[in-house]
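The chain contents come next:
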Amino acid sequence: MNKEVLSRWSTAKSDEIYGVSNWGKGYYSVDDNGLINVVPYNKKDVKVPLIDIVKKASDRGLEMPLLVRFENLLDARIARLNDNFKKAMKNLGYKGSYEGVYPVKVNQQQEVVKEIASFGKKYHHGFEVGSKPELIAVMAEMLDKKANIICNGYKDKEFIDLGLYYKKLGYNLFFVVEMPGEASLILERGEKLGIEPNIGIRIKLSEKAGGHWMASGGDRSIFGLNMSQVIETVDLLKSKKKLSTLKLLHYHLGSQIPNIRDIRFAVVEATRVYAELVKEGAPMGYLDLGGGLAVDYDGSNTNFASSRNYNTFEYCADVVEAVMSVLDKEEVQHPVIVTESGRSLVAFYSILLFNVLDVAYFSAKDVPKKIEEDVNEEIKNLFYVSKDLNVKNLTESYNDALFYRDSIKNMFNQGRISLRERSMAEKIFWNLLNKINTEIKKLKFVPRDLEELELAIADIYYCNFSLFQSLPDSWAIDQLFPIVPIHRLDEMPTRNAILADITCDCDGEISKFIDVHDIKKTLQLHEVKDDEDYIIGVFLVGAYQETLGDLHNLFGDTNVITVKIDKEGEFEIIYEMEGDSVEDVLSYVEYDTKKMRRQFRKKTEDAIRTGIINAEERKNIMDSFEMGLRGYTYYEQE
Ligand code: PLP
């Protein structure tokens, strides 16, 4: 790369290519030293470079890969959602209030639930639970009797009894009827224990939203009651003289709804049902709009699946306005609006950091500048294709290159050229492809044949993480996350790369990256230096990624730290958790590690007996086995 071009690089250009200002929403930024900073209070001068946090973790022996969580960002997101609802309600003259609940399934970590219970108290921010373990976690952590607990999901007798007892203790708990028939069991248990339940009904809307996660909504959605089942439930409650328990209406259109129009249509449909239930004589009072508030992962601010075409305030204002537009016409009192926003609260909370272990470069070094007369004709032809390349013959040269490459490979298989000659041809070929790729950038439209070239010549950066363990949605549903080196952003990234994890599974790669206009096939990265770790961050991974991950290749949980930053920008590691050891992951898949030690010791004893090793060697082998068992499952530096 030309020195002048390199020296003209700026951190602003890095910000632009990685979109940090777009998706970072003021919580992450690039500083003048080329470092990514976390900005917890939305004040530009209170910030911490991530690399400082990495160093501090390393001093404590916590190496890469490392999951860093920021308590401040969780608090900031709770505040942003609640403050925006408050502002929208004030602006529009809404007479009810907003009481959000955090759906525990989105990140069940105790730290998250504890912090939401504590910071959320001043907003009466409660919880949504979908199972007995989630309910029990909340029962222990909840601090605020005014906040709501919404119980969704299948509920057996034990689940219902737990909830009823919690209500008896004075907590504001609702059972949401998800399936026909569930209401009778709730009433039966309530009667038996002498505790009046609060009942909600989950409805299926006919409205269906676009995006990856749309299956939760629409007539065919798995959960919720259709309109005739709603009426059957109302009639059941009336017949048991328990209509007074019906206080809440709920729906969930799906997660990550990119289009505000879909959100608005759903709110209108549900609010109509709400108004009808009031007319049926139910006390109601709570309208629960479920999750769906999306995260702008690619920073494009559009209705693309990885983004959303609205901001938090627009979401709040649209929801409030849509509710009012229905209820004011029908002269029904404004209810407490509840949302079950999860992703939007916790996505910013965590970053996955990992180092690059190795790189496979697909540009050739030592490419011959001239070709000797006695070289094989096909290799000579390939050389001249490369020499004669210009912007007008790109497609033709590309096809010629493929032809000669195949022909050279066949000749090699037939023993007509040597390995050295094949290596020379390979260098010419990759160099030619790189030259074509540079020339393409001068064209307005990329010829069809050349569309995949960028990917074909992308370097492979081998990274110290498992996609299956740490970014399951990237593997399973092609979700995009912002991925950025956390340092060296004052240098021009000169390589185009894809990322490979260390699972040695061909699915363990990332070859789709965020872009404001489309999806990028490669990520611009810096050349890795021999004497310095190159650290890459995957951002906005706080939602759904931590517990959906699996033990593919037996890579376990990563090291984790939680950081708290004070108003002066000083940070403290308030929690640390060593990642799984090899022994841990083996026990998860039912190995008895004590027995394994015994079995292995016997093997070394046999080896001594048969003279393969001596006593000292045996000790070294046993020590190394023991260290292996206790070690981190990921690549350890030393
Ligand atoms: N509520 C229910 C019932 C859900 O199933 C989900 C998850 O899909 C959510 C809330 C959270 O949705 P989101 O993370 O999009 O806010």
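For the structure, see preceding data.
Here's what I pulled together on the structure shown here. What you are looking at is a predicted structure, and each value in this text was computed from that prediction instead of being measured.

**Quick notes on the packing of aromatic side chains**
Working step 1: Evaluated as defined, the whole model comprises 22 aromatic pairs.
Working step 2: Here the aromatic rings of Y297 and F481 are separated by 5.6 Å at their centres, their planes lie at 85°, and the arrangement is edge-to-face. Taken together, the residues Y297 in the loop between β11 (286-288) and α12 (312-330) and F481 in the loop between α19 (472-476) and β15 (483-485) connect sequence positions 184 residues apart. The pair Y297 / F481 is uniform in exposure class, with both members buried.

**Section: the layout of surface pockets**
Working step 1: Put simply, the largest pocket is a space of about 1200 Å³.
Working step 2: Surrounding the largest pocket, 35 residues form its lining, N437, T438, K441, E454 and N496 being those nearest its centre.
Working step 3: For the lining of the largest pocket, the elements supplying multiple residues, two or more each, are α16 (419-440), β16 (495-500), β19 (519-520) and β20 (523-525).
Working step 4: Of all the elements, α16 adds the most residues to the lining of the largest pocket, at six residues.
Working step 5: Considered class by class, the residues forming the lining of the largest pocket number 14 nonpolar, 10 polar and 11 charged.

**Quick word on the environment of D473**
Working step 1: On the secondary structure map, D473 appears in helix α19.
Working step 2: Taking the C-alpha atoms as reference points, D473 and Y544, 71 residues apart in sequence, are found 8.0 Å from one another.
Working step 3: Those residues in contact with D473 that sit more than four places away from it in its chain are D478, Q479, Y544, Q545 and L548.
Working step 4: A polar side-chain atom of D473 sits 2.8 Å from a polar atom in the side chain of Q545.

**Things to note about the pairing of β16**
Working step 1: Taking burial as the measure, the six residues of β16 include five buried ones, the bulk of the element.
Working step 2: Where strand β14 (residues 459-463) lies against β16, four bridges are found, and the strand directions are parallel. Within β16, the residue paired with Y461 across the bridge is L499.
Working step 3: Relative to β20, β16 is paired through three bridges, and the arrangement is antiparallel. Residue pairing for β20: N496 is matched across the bridge by Q524.
Working step 4: The sheet contact formed by β16 and strand β17 (residues 509-510) spans two bridges and is antiparallel. Across the sheet, the residue bridging to L499 is I510, located in β17.

Thresholds, definitions, all that
Numbers given for residues are sequential positions, taken from 1 along each chain in its written order. The predicted origin of the model limits local features to residues at a pLDDT of at least 70 and limits the giving and counting of side-chain atom pairs to 80 or more, whereas totals for whole chains, interfaces and linings rest on all residues. Hydrogen atoms and water are omitted, and side-chain values are computed over all heavy atoms in the structure. Note on aromatic pairs: the rings of Phe, Tyr and Trp (six-membered ring only in Trp) are paired at centre separations within 6.5 Å, and the planes decide the class, stacked below 30 degrees, edge-to-face beyond 60, tilted for the rest. To qualify as a helix, a DSSP run of H or I must reach at least 4 residues; to qualify as a strand, a run of E must reach at least 2; elements of each kind are numbered from the N terminus. Under the scheme applied here, a residue whose accessible area is under 20% of the maximum for its type counts as buried, over 50% as exposed, and between as partly exposed, the area being computed with a 1.4 Å probe on protein chains only. Lining residues are defined by having an atom within 4 Å of a point belonging to a cavity or pocket. Those points lie on a 1 Å grid over the protein atoms alone, cavities being sets where a 1.4 Å probe fits but cannot get out and pockets being open sets with protein on both sides within 12 Å along at least five of seven lines. Grid points are joined across faces, edges and corners, and a volume is the space filled by probe spheres set on the points. Any residue that is not Ala, Val, Leu, Ile, Met, Phe, Trp, Tyr, Cys, Pro, Asp, Glu, Lys or Arg is counted as polar, Gly included; the first ten are nonpolar and the last four charged. Whether two residues are in contact is decided by their heavy atoms: any pair within 4.5 Å suffices. By the criterion applied in these results, polar contacts are pairs of N or O atoms within 3.5 Å in which, for protein atoms, one can donate a hydrogen and the other can accept it, and in which residues neighboring in sequence qualify only through two side-chain atoms. The criterion for strand pairing is that DSSP finds at least two bridges linking the strands in question.

By themselves, these figures tell us nothing about what the structure is for.
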